[in-house]
Amino acid sequence: MNSLPHVIILLGAPGSGKGTQAALIQERLHLPHISTGDILRNQIKQKTDLGKQAKECIDQGHLVPDPLILDMVFKRLSEPDCAKGYILDGVPRTIPQAEALDTFFTSSPLIINFSLPKELILERLSLRISCSQCGQPYHRLYSPPKQPEVCDRCQGPLIQRPDDSQEVILKRLEIYSLQTEPLLKFYSERHRFYTIDCSQKNKEQIYTELVSFF
Ligand code: AP5
Ligand code: MG
């Protein structure tokens, strides 16, 4: 094992398992899990100005504009719990976001890319339920909660995310191909970069492969 990474970036299409693995790595490394999707959904719940702007984009499967995301992320990364490192889930998602973060990092990040074909993404997202309080994802067949409709971690109620309708999932996948996939080349040319084929593996097998990169 190399020295443990301080900054881990989880890349991958919607539904590829970023949030599921981030929760597992967080427990192991004791680094904060920064999910931009979860932060934005909290802002929507609190009806802040950012939440109102984000809701329009998220509901349609579009990305929230880069300046809003970068401002939000840099504020979060400046909090004391991020001083020793962090796990980024859902950010960066565009080349300008990646370039801005690269100038911010003080050590080289480790990038893990989750690869999953579209049919499996649709299957996973259509049966996903997520905690409305902490964001923890579950799957009705593959990863059900211990008690029906209740989060194992925080006992919050589980809901289907509004952006997990078939129409919005397809739009999110289209936006991913156009705006986020170019990051694979960007990172493979700059930093330690690994791809995991997530199609035939359960979450424990993926986790085992992922930690072998540390
Ligand atoms: P965000 O919340 O980041 O959503 P996403 O990227 O679309 O990814 P998901 O959370 O849907 O999937 P995931 O990869 O976390 O998969 P999960 O672990 O849940 O972003 C939402 C929106 O916010 C965006 O569309 C955008 O509008 C906006 N936004 C956020 N960040 C932004 C940014 N940086 N810039 C601009 N806009 C931004 O797993 C999926 C399912 O599969 C679950 O049911 C899970 O239980 C199951 N599962 C996981 N692993 C396995 C396995 N191995 N086998 C079987 N089932 C599995
Ligand atoms: Mg997620």
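Refer to the preceding data block for the structure.
Here's a quick rundown of the structure. (Residues numbered from 1 in each chain as written. Chains lettered and ligands numbered in written order. Predicted model: local features only at pLDDT ≥ 70, side-chain atom pairs only at ≥ 80, totals over all residues. Heavy atoms only, no water.)

Overall, the coordinates contain 13 salt bridges when judged by the stated rule. Between Glu79 and Arg76 there is a salt bridge; the shortest N-O distance is 3.2 Å. Its relative accessible area of 19% is what places Arg76 among the buried residues. Through salt bridges with shared partners, one network takes in Arg128, Arg161, Asp163, Asp164 and Arg172. (Salt bridge = Lys/Arg side-chain N within 4 Å of Asp/Glu carboxyl O. Buried < 20%, exposed > 50% of the residue type's maximum accessible area, 1.4 Å probe, protein only.)

The omega angle of the peptide bond from Val91 to Pro92 is 0°, so this bond is cis rather than trans. Mapped onto the elements, Pro92 comes out in the loop between strand E3 (86-89) and helix H5 (95-104). For Lys47, which is not a glycine, the phi torsion comes out positive at approximately 55°. For Lys47, a relative accessible area of 63% puts it in the exposed group. Residue Gln155 is not a glycine yet carries a positive backbone phi of 65°. Checked against the element boundaries, Gln155 lands in the loop between strand E6 (137-139) and strand E7 (158-159). By relative accessible area, which is 52% here, Gln155 ends up exposed. (Helix = DSSP H or I, 4+ residues; strand = E, 2+ residues; numbered from the N terminus.)

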